[in-house]
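So the chains spell out like this:
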Amino acid sequence: MTSLDAALAPPASSALPAVAATAPAGQAAPAGQAAPAAQAAPAAQATPTAQAAPTALVADGVSVAYGAADVVHDARLELRPGRVTALVGPNGSGKSTLLRTAARLQRARAGTLSLEPSPSPERQDEPGPATGPATGPADGLALSVRDFARHVALLTQGRPVPSGLSVRDVVEFGRHPHRGRWGRGDAGGAVAVDQALRLTGVAGLADRGVDQLSGGQLQRVWLASCLAQQTGVLLLDEPTTYLDLRYQVELLDLVRDLADESRIAVGVVLHDLDQAAALADTVVLLHEGRVRATGTPAEVLTPDLLSEVWGIDIEVDTDPATGRLRTRAVARHHTRTERLLP
Ligand SMILES: Nc1ncnc2c1ncn2[C@@H]1O[C@H](COP(=O)(O)OP(=O)(O)OP(=O)(O)O)[C@@H](O)[C@H]1O
Ligand SMILES: [Mg+2]
């Protein structure tokens, strides 16, 4: 096990109870019940001892409305252990809504949400219910808030600034799903919090008030809280916003490591298409609330699809230095500049 594995392997979580079928999303998951660390309900009982298996999340046929307005239509999102899936699309195309629905933070009008445990290859021979053969898919909507929060964490797009709390307090929110009724029974909690603080580069700020942080520092604190939650599924909504270039690169590296070394299933909203191309195994392109395309970066990030969805000319080529896809929006100001050149 690598140090990253040790840091982030989900602890002491329950095996998913198998169910025969998933339920319509609209019939369960009261709105506002949240997976994210900050809003996860305090635990009702002591932490079990088995480690959670890597988990896939599959949301299918998802439709979401705000009032009378349908904003996500019949969408499918499939997140697999060890894979990074990037959600891309213009402003208002439904990325956050789909991610929040997958995290049970938003009620769907229709659709299913299932969690599928799968055995970790290196742990298949170990005893214990969660490390043996995978059980069937579980209805993600039928799980208690606490059980769901042990499997799925979400870094939301809006990051609240709670007053009167230290950085460490906020990161410790991530441990709520693993704690007993009186905050007990979380043997690995302190280590998980320390490691999350370190991995996100905020250990030096642990005793600072979160209301004294810059936007980028606060962002990393909320990310640390998600990591401290130690879930098999990690959902990140625009995690690079506010981060300077160094922390953007480090965060994307960390996300890739989480997938590669700890078999976390990652769903991440990114606006930078080049970052999506470099990071993701799969890209889901959303347009006007519908999944317009799903596939590898090369399949989805094509000039035709991107130009159609964004309504401007977008060119795609391969960076000769890195071999990665590179996109370029051909904005009017480029032509203007060219006109000014002799
Ligand atoms: N709470 C809300 N009430 C009503 N409409 C909403 C609400 N939240 C989002 N919407 C609408 O739903 C649609 C999808 O919004 P969503 O936030 O999912 O888009 P997005 O792709 O994440 O956009 P962005 O890139 O700007 O973050 C938009 O038209 C938006 O105006
Ligand atoms: Mg959004």
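Parameters and conventions
- Residues numbered from 1 in each chain as written.
- Chains lettered and ligands numbered in written order.
- Predicted model: local features only at pLDDT ≥ 70, side-chain atom pairs only at ≥ 80, totals over all residues.
- Pairing = 2+ DSSP bridges.
- Helix = DSSP H or I, 4+ residues; strand = E, 2+ residues; numbered from the N terminus.
- Contact = placed C-beta atoms within 7 Å.
- Axes fitted to C-alpha atoms, helices over the stretch in contact; angles between N-to-C directions.
- Core = buried A, V, L, I, M, F, W, Y, C linked by C-beta atoms within 7 Å.
- Buried ≥ 20, exposed ≤ 12 C-beta atoms within 10 Å, placed from the backbone.
- Near = placed C-beta within 6 Å.
- Nonpolar A, V, L, I, M, F, W, Y, C, P; charged D, E, K, R; others polar.
- Parallel < 35°, antiparallel > 145°, perpendicular 65-115°, else oblique.
- Left-handed = near helix turned anticlockwise from the far one by under 90°.
- pLDDT = per-residue confidence, 0-100.

Draft legend 1. Highlighting the pairing of strand 1 (residues 55–66). Note that strand 1 and strand 4 (residues 110–117) share seven bridges and pair antiparallel. The partner of Ser 63 across the bridge, within strand 4, is Ala 110. Pairing between strand 1 and strand 2 (residues 69–79): seven bridges, direction antiparallel. Across the sheet, Leu 57 pairs through a bridge with Leu 79, a residue of strand 2. Between strand 1 and strand 2, which pair antiparallel one after the other, the connecting turn spans two residues, and Gly 67 there sits at a positive phi close to 65°.

Draft legend 2. The arrangement of the sheet that holds strand 2 in detail. Spatially, four strands are ordered 2-1-4-5 in an open sheet, and the strand pairing comes out antiparallel. Two strands lie at the open edges of the sheet, namely strand 2 and strand 5 (138–139), each paired on one side alone. Inspection of the sheet shows strand 4 paired to strand 5 by two bridges, in the antiparallel sense. Within strand 5, the position partnered with Leu 115 by the bridge is Ala 138. The strands that helix 2 (residues 95–102) touches are strand 1, strand 2 and strand 4; relative to strand 1, the one it contacts most, it runs at about 125°.

Draft legend 3. Representation of the nonpolar core. If you look at the biggest cluster of nonpolar residues, it comprises 82 residues, and the most contacted ones within it are Ala 86, Leu 235 and Val 266. No other element matches helix 6 (residues 215–228), which puts eight residues into this core.

Draft legend 4. Molecular detail of the pairing of strand 6 (residues 152–155). Of the two faces of strand 6, both are covered, the one formed by Val 152 and Leu 154 as well as the one formed by Ala 153 and Leu 155. As paired elements, strand 6 and strand 7 (residues 233–237) share four bridges and run parallel to each other. From the neighbouring strand, Ala 153 faces strand 7, where its bridge partner is Leu 234.

Draft legend 5. Layout of the site of ligand 1. In the vicinity of ligand 1, the residues found are Tyr 66, Val 71, Gly 89, Asn 91, Gly 92, Ser 93, Gly 94, Lys 95, Ser 96, Thr 97 and Gln 157. Among the residues forming the shell around ligand 1, the class breakdown is two nonpolar, eight polar and one charged.

Draft legend 6. View of the environment of Tyr 242. Structurally, Tyr 242 is set in the loop between strand 7 and helix 7 (245–262). Along the primary structure Tyr 242 and Gly 215 are separated by 27 residues, whereas in three dimensions their C-alpha atoms are 5.8 Å apart. With residues near it in sequence (within four places) discarded, Tyr 242 still touches Gly 215, Gly 216 and Gln 219.

Draft legend 7. Here's a closer look at the packing of helix 5 (residues 189–199) against helix 6. Where helix 5 contacts helix 6, the axes come no closer than 8 Å and their chain directions differ by 140°. If you check the angle between helix 5 and helix 6, you find them oblique. Like other packed secondary-structure pairs, helix 5 and helix 6 cross with a definite hand, here right-handed. Contacts between helix 5 and helix 6 involve Ala 192, Val 193, Ala 196, Leu 197 and Leu 199 from the first element and Ala 224, Leu 227 and Ala 228 from the second. Partitioning the contact of helix 5 with helix 6 into residue classes produces eight nonpolar, no polar and no charged.

Draft legend 8. Representation of unusual backbone geometry in the model. Located in the positive-phi region is Asp 74, a residue other than glycine, with phi close to 45°. Examined against the element boundaries, Asp 74 turns out to sit in strand 2.

Draft legend 9. Representation of the confidence of the model for the protein in the model. Summary statistics for the protein give a mean pLDDT of 81 and a share of 75% for residues scoring 70 or more. Note on residues 1–52: pLDDT is under 50 here. Beyond four places in sequence and across chains, it has 153 contacts. Across residues 122–133 the pLDDT falls below 50, and counting only partners more than four positions away or on other chains, this stretch makes 19 contacts in the model.

Draft legend 10. Fine view of the sheet that holds strand 6. Across the sheet, six strands lie side by side as 6-7-8-3-9-10; this open sheet has mixed pairing. In this open sheet, the two edge strands, each paired with only one partner strand, are strand 6 and strand 10 (290–295). If you compare each strand with its neighbour and ignore which way they point, the axes differ by 15° on average. The sheet contact formed by strand 7 and strand 8 (residues 265–269) spans five bridges and is parallel. Counterpart to Leu 236 in the pairing with strand 8 is Val 268. On top of the sheet, helix 7 reaches strand 3 (84–88), strand 7 and strand 8; it is set at about 155° to strand 8, its chief contact.

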